[in-house]
Amino acid sequence: MAAVQVAGSVPCRQLREAPQEATPERDNGFRRLSARLCALRPDDSSSARTEIHLLFDQLISENYTEGSCVAPEDVSALLVQACQLVPLNQNHLVSKVSQLIHHLLNRLQVIVDEQHLDFLLAYTISAIHQCSSWTYMEILQALAALVYCNGSKCQKYLPELLGKTGLLLKLSDSAQSDPEVRRAAVHCMANLCLSVPGQPYLEEPYQNICFQAFLTILQSPKSSDMDDITFCMLLQNALKGIQSLLNGGRMKLTQTDELGALLAVLKKSMFHGLPGLNIEMPTVLYPTPLPQYDGRTAVKPQQSESSTSRPTLKKSKVKPKKIQQGEEEEEKESSGEIEAAPVTGTGRVNLHEGNTWCSSSLGVQSLPLDGSGAAGKDGVSSPFSSSSWKRVSSSESDYSDAEGGMQSKMRSYQAKVRQGALVCFLSTIKSIEKKVLYGYWSAFIPDTPELGSPQSVSLMTLTLKDPSPKTRACALQVLSAILEGSKQFLSVAEDTSDHRRAFTPFSVMIASSIRELHRCLLLALVAESSSQTLTQIIKCLANLVSNAPYNRLKLSLLTKVWNQIKPYIRHKDVNVRVSSLTLLGAIVSTHAPLPEVQLLLQQPCSSGLSNSNSATPHLSPPDWWKKVPAGPSLEETSVSSPKGSSEPCWLIRLCISTVILPKEDSCSGSDAGSAAGSTYEPSPMRLEALQNDRQILCITVLLGLNDSKNRLVKAATSRALGVYVLFPCLRQDVIFVADTANAILMSLEDKSLNVRAKAAWSLGNLTDTLIVNMETPDPSFQEEFSGLLLLKMLRSAIEASKDKDKVKSNAVRALGNLLHFLQPSHIEKPTFAEIIEESIQALISTVLTEAAMKVRWNACYAMGNVFKNPALPLGTAPWTSQAYNALTSVVTSCKNFKVRIRSAAALSIPGKREQYGSVDQYARIWNALVTALQKSEDTTDFLEFKYCASLRTQICQALIHLLSLASASDLPCIKETLELNGNMVQSYIVQFLKSGAEGEDTGAPPSLQERDQMVRMALKHMGNVQAPTGDTARRAIMGLLEEILAGCFDSSGSQGALPGLTNQ
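Everything quoted here is computed from the prediction, not taken from an experiment. (Residues numbered from 1 in each chain as written. Predicted model: local features only at pLDDT ≥ 70, side-chain atom pairs only at ≥ 80, totals over all residues. Heavy atoms only, no water.)

Engineer: When you look at the overall build of the chain in this model, what are you seeing that I'm missing?
Structural biologist: Across its full length, the chain holds 49 helices and 0 strands. Put simply, the chain has 1064 residues, and 59% of those count as buried. Of the contacts made within the chain by residues no fewer than 6 positions apart, 76% connect residues no fewer than 24 positions apart. For the chain, the computed accessible surface area is about 42,900 Å², with 51% contributed by carbon and sulfur atoms. (Helix = DSSP H or I, 4+ residues; strand = E, 2+ residues; numbered from the N terminus. Buried < 20%, exposed > 50% of the residue type's maximum accessible area, 1.4 Å probe, protein only. Contact = heavy atoms within 4.5 Å. Areas by Shrake-Rupley, 256 points an atom, 1.4 Å probe, with all protein chains shown as cover.)

Engineer: I'm lost on helix H42 (residues 879-893) in this one. Help?
Structural biologist: An α-helical turn contains 3.6 residues, so a residue and the one three or four places further along point in the same direction. The terminal C-alpha atoms of H42 lie 21 Å apart, and with 15 residues this matches the ideal 21 Å at 1.5 Å per residue to within 8%. What H42 keeps buried is the set Trp-879, Thr-880, Ala-883, Tyr-884, Ala-886, Leu-887, Thr-888, Val-890, Val-891 and Thr-892. Considering only its buried residues, H42 is in contact with helix H40 (830-848), helix H41 (853-867), helix H43 (897-907) and helix H44 (919-934). (Expected span 1.5 Å × (residues − 1).)

Engineer: I keep staring at the pattern of salt bridges and nothing clicks. Help me out?
Structural biologist: Side chains carrying opposite charge are able to pair once their charged atoms draw close together. Inspection of every chain in the model, using the stated rule, returns 18 salt bridges. One salt bridge in this structure joins Arg-711 and Asp-750, with 4.0 Å as the shortest N-O distance. Here Asp-750 lies in the loop between helix H34 (734-747) and helix H35 (753-774) and Arg-711 lies in helix H32 (residues 711-724), a separation of 39 residues in the sequence. Looking at Asp-750, the relative accessible area reads 15%, which means it is buried. What emerges from the salt-bridge pattern is a single network uniting Arg-711, Lys-714 and Asp-750. (Salt bridge = Lys/Arg side-chain N within 4 Å of Asp/Glu carboxyl O.)

Engineer: I would appreciate a short explanation of unusual backbone geometry in the present structure.
Structural biologist: Where the residue is not glycine, phi is negative for most of them; where a peptide bond is considered, it is trans in most cases. Even without being a glycine, Cys-149 presents a positive backbone phi close to 60°. By secondary structure assignment, the location of Cys-149 is in the loop between helix H6 (136-147) and helix H7 (158-162). For Ser-556, which is not glycine, the phi torsion reads 95° and is therefore positive. Accessibility expressed as a relative area gives 29% for Ser-556, which makes it partly exposed.

Engineer: Mind showing me how you'd approach the side chain of Ser-809 here?
Structural biologist: Within the secondary structure, Ser-809 sits in helix H38 (residues 805-821). For Ser-809, the residues in contact, after removing those within four places along its chain, are Lys-854, Val-855 and Asn-858.

Engineer: Can you walk me through helix H4 (residues 91-107) in this structure?
Structural biologist: The terminal C-alpha atoms of H4 lie 24 Å apart, and with 17 residues this matches the ideal 24 Å at 1.5 Å per residue to within 8%. With 14 of 17 residues buried, H4 lies mostly within the body of the structure. Looking at the residues trailing H4, positive phi occurs at Gln-109, about 55°.

Engineer: Whenever I open this one, the packing of H40 against H42 confuses me. Can you help?
Structural biologist: In a packed pair of helices, the relevant descriptors are the angle between the two axes and the axis-to-axis distance. With their axes 9 Å apart at the nearest point, H40 and H42 run at an angle of 20° to one another. If you check the angle between H40 and H42, you find them roughly parallel. The handedness of the crossing between H40 and H42 is left-handed. Mapping the contact onto sequence places Glu-837, Ile-840, Gln-841, Ile-844, Val-847 and Leu-848 in H40 and Trp-879, Gln-882, Ala-883, Ala-886, Ser-889 and Val-890 in H42. Counted by class, the contact of H40 with H42 contains 8 nonpolar, 3 polar and 1 charged residues. (Axes fitted to C-alpha atoms, helices over the stretch in contact; angles between N-to-C directions. Parallel < 35°, antiparallel > 145°, perpendicular 65-115°, else oblique. Left-handed = near helix turned anticlockwise from the far one by under 90°. Nonpolar A, V, L, I, M, F, W, Y, C, P; charged D, E, K, R; others polar.)

Engineer: Whenever I open this one, the packing of H34 against helix H37 (residues 787-800) confuses me. Can you help?
Structural biologist: Here H34 crosses H37 at 30°, and the two axes come no closer than 11 Å. The angle between the axes of H34 and H37 places the two elements in the roughly parallel class. Two packed elements cross with a definite hand, and for H34 against H37 that hand is left-handed. Here Ala-738, Ala-741, Asn-742 and Leu-745 of H34 lie close against H37, whose contacting residues are Leu-789, Lys-792, Met-793 and Ser-796. Broken down by class, the residue content of the contact of H34 with H37 amounts to 5 nonpolar, 2 polar and 1 charged.

Engineer: What's the story with the environment of Tyr-206 in this structure? I'm lost.
Structural biologist: The topology assignment puts Tyr-206 in helix H10 (residues 204-219). By relative accessible area, Tyr-206 is classed as buried at 14%. With near-sequence residues (within four places) excluded, Tyr-206 lies in contact with Leu-158, Pro-159, Leu-162 and Gly-163.

Engineer: I tried to follow the packing of aromatic side chains on my own but got confused; where do I start?
Structural biologist: The description of an aromatic ring pair rests on the distance of the ring centres and on the angle between the ring planes. The final tally for this structure, using the stated rule, is 10 aromatic pairs. Here Phe-867 and Tyr-884 contribute two aromatic rings whose centre-to-centre distance is 5.3 Å and whose plane-to-plane angle is 45°, an arrangement assigned as tilted. Here Phe-867 is found in helix H41, whereas its partner Tyr-884 is found in helix H42, with 17 residues between them in sequence. The two residues Phe-867 and Tyr-884 agree in class, both being buried. Taken together, Phe-867, Tyr-884, Tyr-916 and Tyr-922 form an aromatic cluster joined through their ring pairs. Sitting over the ring of Tyr-413, Lys-416 keeps its end group 5.1 Å from the ring centre. Seen from the ring of Trp-761, Arg-719 lies directly overhead, with NZ or CZ sitting 4.4 Å from the centre. (Phe/Tyr/Trp six-rings, centres within 6.5 Å; stacked < 30°, edge-to-face > 60°. Lys NZ or Arg CZ within 6 Å of the ring centre and 35° of its normal.)

Engineer: Got a minute to help me understand the environment of Cys-69 in this structure?
Structural biologist: Structurally, Cys-69 is set in the loop between helix H2 (46-61) and helix H3 (72-84). Taking the C-alpha atoms as reference points, Cys-69 and Leu-108, 39 residues apart in sequence, are found 8.9 Å from one another.

Engineer: Would you explain the environment of Val-478 in this entry?
Structural biologist: Secondary-structure assignment places Val-478 in helix H21 (residues 469-483). For the pair Val-478 and Val-423, spaced 55 residues apart in sequence, the C-alpha to C-alpha distance is 7.9 Å.

Engineer: Help me understand the confidence of the model for the chain, please; the structure alone is not making it clear to me.
Structural biologist: Low-confidence regions, as indicated by low pLDDT, have predicted coordinates that should not be scrutinised in detail. Looking at the chain as a whole, its pLDDT mean stands at 76, while 74% of the residues score no less than 70. Note that residues 13-26 has pLDDT below 50 and, in this model, 19 contacts with residues that lie over four places away or in other chains. (pLDDT = per-residue confidence, 0-100.)

In structure tokens, the structure reads:
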């Protein structure tokens, strides 16, 4: 028997001793068969081939389960030995050994180690070249199992697999006659693209080759020789491949046509096989040009630059299983996601187009299950788990029901395609900038009731009409992720009077989208029978409520949500209760505060809770939560009790009872976390309205919950403490502020990113409170606040500034406030000198870093706060020049104009000339501001143009401020700059004096009178500067200022004191 001609052979290794805890009969079966295989030698006789056949059959038929405890190294070594026994001219044996490779690697969940992978890859590739075409299917199955999570170790084989004439490209082409071979080849490509954290990614040329191959497959119609199920599996593999490329973080969709083509096929695949819907999509989706919108309500500054039309995205829950779980667990924790048991039923209420919004009294009976949930492991589980991606096909016995078996199987595979498209959509959103994705808002979000055209079908179509609860849940996760953080984008929405217009304004279109989302989500709420999907619906509503500008919309939207959700706080499923509390918290946290919310809180508890609506199934008994022992019943309590009554509203009592009473079987730590988060948000019902003992109860509960081992509870508690510390009745309480600070600092060291992010936000709020207390006439707070605690807070903030962006943005805000708060008695102490230096260096580093724009904006803001502390040695300390150089670098070159505005504002804060340092330092600052003014319109991003006027306003303020402090030594530098750019500077300052408020990013803009006074004060200061005899710089600068003022007065026809200043 000839030796196999492949790369260096690996001898059969000695099997290690089986661990004692392994099941003896299972492990011994594998070891016994392995020993027999290792004892065989190459033999070309018929009897030897028969023996090998039988041995392979025994290995395949062995009962391998999760408790087999077979070492991965033993499996790899056995497969190498098996391949060494099979020459490539024996087609039947090659087919059988390929089945063995596929079966063992999938059944035992083994990823082949690098030592054996090289031999096995070389063998399978050679087999494709030399064996008959009927063996390709089994060989490709083996190849797919080998390359799974091993893409980075296959580099030397990539040209042969994915090159211009590569095997996989050839076999996956539409010209391939065998549909099963084509699907298996695409499956191999998808597994090659799967990246493993910490290992090299697929090289960019091969990424592009695979992406185009997958895209072509998704764009192509089903060929006549391919059955429907094979076509579904082909689409699943192509979607999985694109998802893997995007999840790796290395593939960037920068071309509009490329992104548009992907979004078009994803939208088409999202509706694949949906009953009653057959749409034709264009080849490419193009973004809709959208007007700029006012970002004044923005919460996240780094999002303000992204102003086209798509909100941010939350991590998807439906994602591949990974060996490394840390980050995925963290993200689930951060988003509050809680897995529920899979629901196999697909019963669904038939909701026709034209349904109007249904009130809380609407009863909807759930339809019986149609039996389509009978699919086995592949049919019910997510199509993106590692095992389902590796497995090429499902067992036919999963669909062996005589009645409707194939139809059920067909529906299952079509649903997997839709789920795959939705999960791939999530990966797409994460891989591109939001401002790019904003333009595709109308392609996926409805603004009118759907009529069935390609333009009108949306994510809500799937939410309302898809028979699969998993697909509905996926669509809701996508929608929820889109809505999260969309406050700035949605802030332009405005309901107008109903008069006819020739066109629909953008603001009206967004308002219509918000109304339609409310209508559809509430329809889905009353129709849903799956608890898992119900949880996603309520989370979507919470994100919508948190971001919609209800003060600009017509009334009643919140009332409808409120009335619909109240029965669900008694639902038997803990996840539904948690999300319901979150939604109620979002409603009472809406900005303004809204009178509508106040009225809702005044409703008695019984309003809605006793609803017998059949659309709220599976309610626990009415006493599912215990009432607080003292006081009247919840039903008799309202938020605005008659004067003299001290009882809080029913929602506060509900949350307190959830937090402090013993946990029942139906409750969880997540209930407590949501209760803490929803009750303690700023709302019309302020803490001050409670009696003193109630206030103490709330504070005690919160400080106690901060030690919870449940990270969701701890995160919610940290945020609630950050809210409490802002209340006027607590912020001057030194003991409470100190206790809160210690609790927050403890949470800043938590392993959970979500907890640290919430703690950093609360630390920023607490330090804001320190600054507010500085402004009060009573200095007792500053005197009593512990210096040791300040040191501890500074150290923790410095460490947090090195954390991820979610933590860093608030850590630098806290650093700026703490350095502003430091008193001369602190700064004089040697123990503070080193920590002050470290704090400022952390801020300087963050200003210059390539972090998120929100982080840099906060760092510039913090630097401005540092400059406000007159006790710090600004101007003489070694860090002075570093701080100014960092800000001047940002003001001239940062691509985000809001960060430039903030840095220019920081440069205009020092109130004394000596704080600007040497003459050279002053000159660098002056020249940088003039350069920044000259470049204030230089941007390739049209979304930044809306901030051009604000940037020029802030730079002009800074230049005038510098002139009002200039010394005689500074005048030559100023004159030199004005000789080169005097006309430009003059024109912009004149514009600054004439224009109204541009909505600057730095607070309330100065009035026209204040601007005029700033220039006059600078002119007066220049008149008082004692310049050397014969110096012409002072006169030139004064002449410029006089021309500026004269130009403004001439244009306005006003009379003023200009002649007096000129005579001076």
